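Commentary on secondary and tertiary structure
In case you want the letters, here they are:
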Amino acid sequence: MTAPVNRQIVLAARPAGMPKATDFRLETTPVAEPGPGQILVRNIWMSVDPYMRGRMNDRKSYAPPFEVGKPLDGRAVGQVLKSNHPKLKEGAVVSNMQGWREYFVSAGEGITPLDASLPLSAYLGVLGVPGFTGWYGLKEIGKPKAGETLVVSGAAGATGSLVVQMGKILGCRVVGTAGTDEKCAYVRRELGADAAINYKTAGDCVDALREACPKGVDIYFENVGGPILDAVLRLLNPQARIPLCGMISQYNLEIPDPGPRYLFSMIANRALMQGFIISDHFDRYGEFVGEVGGWLKQRSIKSEETVVEGIENAPKAFLGLFSGDNLGKMVVRLAPDPPASDRK
Ligand SMILES: NC(=O)c1ccc[n+]([C@@H]2O[C@H](COP(=O)([O-])OP(=O)(O)OC[C@H]3O[C@@H](n4cnc5c(N)ncnc54)[C@H](OP(=O)(O)O)[C@@H]3O)[C@@H](O)[C@H]2O)c1
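Attention in this report is confined to the structure presented alongside it. (Residues numbered from 1 in each chain as written. Predicted model: local features only at pLDDT ≥ 70, side-chain atom pairs only at ≥ 80, totals over all residues. Heavy atoms only, no water.)

**Remarks on unusual backbone geometry**
- Cis peptide bonds are those with omega within 30 degrees of zero, and the linkage from Gly259 to Pro260 qualifies with 5°.
- Summarising the element assignment, Pro260 is placed in the loop between β12 (236-244) and α7 (264-268).
- In this structure, Arg270 takes a positive phi of about 50° despite not being glycine.
- Mapped onto the fold, Arg270 is located in the loop between α7 and β13 (272-275). (Helix = DSSP H or I, 4+ residues; strand = E, 2+ residues; numbered from the N terminus.)

Pasting the structure below:
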């Protein structure tokens, strides 16, 4: 029998502006044997996330830069194939931070066993960091009240689609923005938003938002930045709250956009704008899974995924985040889901 080979994606060059396929390289390495106290894991699903773009720059931020010539990393779900570890059993399905590779050996740091009865890819989306981020940011910074108007940008994406649905569960009028008419139809029909605006065809979005938000905007869940933020600022109500989750429209710019231009509205309306990084709040993860996992089981929320097959296509999946190729969470399948009987 031939020994399995690990395939992994290496950062070949630091991107300038929008990354290119040549900024990534597929490499193969032998699969190592686990030593004493170690496990061998085969990844099944890996996540590609917008924040990874920032880590491709050689710049200090809240997450360390990737190194040129070294494999990328990120959130993944895998299965323990061999174990010399006292607590992590063979067959266990585990969350890990060793994405962008098919196999790895670990002493167990950063490895969390998962409830294998749930769909495994959900741990990268609705029950993973994007869902947790939406849940935390809306609840703790947005502080929604029934009857208020919530605007969500990136509404058809992984984080935004949970925020839209939470807003409806909590009794808000919800307006989403997304980049195609098909996504807008999904946000309205499947996620239950009251209105959805295609920001690519709605000019500066001000008129469309004014029409969709006749009582003004109480909460703006910010995923994209740029012109949509500027438009929402003009429509804020007194005491509005803006959880600043992400600004994907800015991630590939070498010189940031000037603006926003309507910040005085924050003063006039005594509004709050607060950035947050979800990794500061992992102590709340159990509470999040309890609440959102409950909604999933009761089918009161939906979660969509866009699945790209194979590690060799992981760079394409990542680049697709910036051209809106995903509906819901963008995930890469590295291996078939193990049958339920083989999961521990
Ligand atoms: N603060 C935190 O701890 C934290 C944690 C997780 C995620 N985030 C942030 O949350 C945001 C959403 O992340 P996600 O993982 O859920 O990704 P996602 O929304 O599933 O995917 C990214 C989406 O962004 C949209 N987009 C791309 N370029 C855009 C542009 N120039 N203007 C407007 N929209 C654009 C695309 O949708 P369209 O087709 O609609 O353009 C794309 O589908 C990102 O900004 C991310 O950095 C923050």
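**Description of the pairing of strand β10 (residues 195-198)**
- Residues Ala195 and Ile197 of β10 are buried on one face, and the alternating residues Ala196 and Asn198, pointing to the opposite face, are buried as well.
- As defined by bridge partners, strand β9 (residues 173-178) adjoins β10 across four bridges and the pair is classed as parallel. Directly across from Gly176, in β10, lies its bridge partner Ala196.
- The parallel pair β9 and β10 is bridged by helix α4 (residues 181-189), and the resulting crossover is right-handed. (Buried < 20%, exposed > 50% of the residue type's maximum accessible area, 1.4 Å probe, protein only. Pairing = 2+ DSSP bridges. Right-handed = clockwise from strand over helix to strand, strands pointing away.)

**Things to note about the site of the ligand**
- Around the ligand, the structure places 25 residues, and the nearest of them are Thr159, Lys183, Tyr199, Tyr251 and Asn326.
- The side chain of Thr159 places a nitrogen or oxygen atom 2.7 Å from an oxygen atom of the ligand.
- For the ligand, the protein covers 90% of the area, taking 910 Å² as the surface of the free molecule.
- Residues belonging to the shell around the ligand are distributed by class as follows: 14 nonpolar, ten polar and one charged.
- Mapping the shell around the ligand onto the domain boundaries places at least three of its residues in each of domain 1 (5-125 + 303-342) and domain 2 (129-280 + 290-294). (Near = heavy atom within 4 Å. Polar contact = N/O pair within 3.5 Å; in protein donor to acceptor, adjacent residues only side chain to side chain. Areas by Shrake-Rupley, 256 points an atom, 1.4 Å probe, with all protein chains shown as cover. Nonpolar A, V, L, I, M, F, W, Y, C, P; charged D, E, K, R; others polar. Domains from an automatic or database assignment.)

**Remarks on the pattern of salt bridges**
- Considering all chains together, one arrives at 18 salt bridges under this definition.
- Across the pair Glu312 and Arg7 runs a salt bridge, and its minimum N-O distance is 3.4 Å. In this pair, Glu312 is assigned in the loop between β14 (305-309) and α9 (314-320) and Arg7 in strand β1 (residues 5-11), connecting sequence segments 305 residues apart.
- Relative accessible area serves as the criterion here: at 39%, Glu312 is assigned to the partly exposed category.
- Judged by its relative accessible area of 27%, Arg7 is partly exposed. (Salt bridge = Lys/Arg side-chain N within 4 Å of Asp/Glu carboxyl O.)

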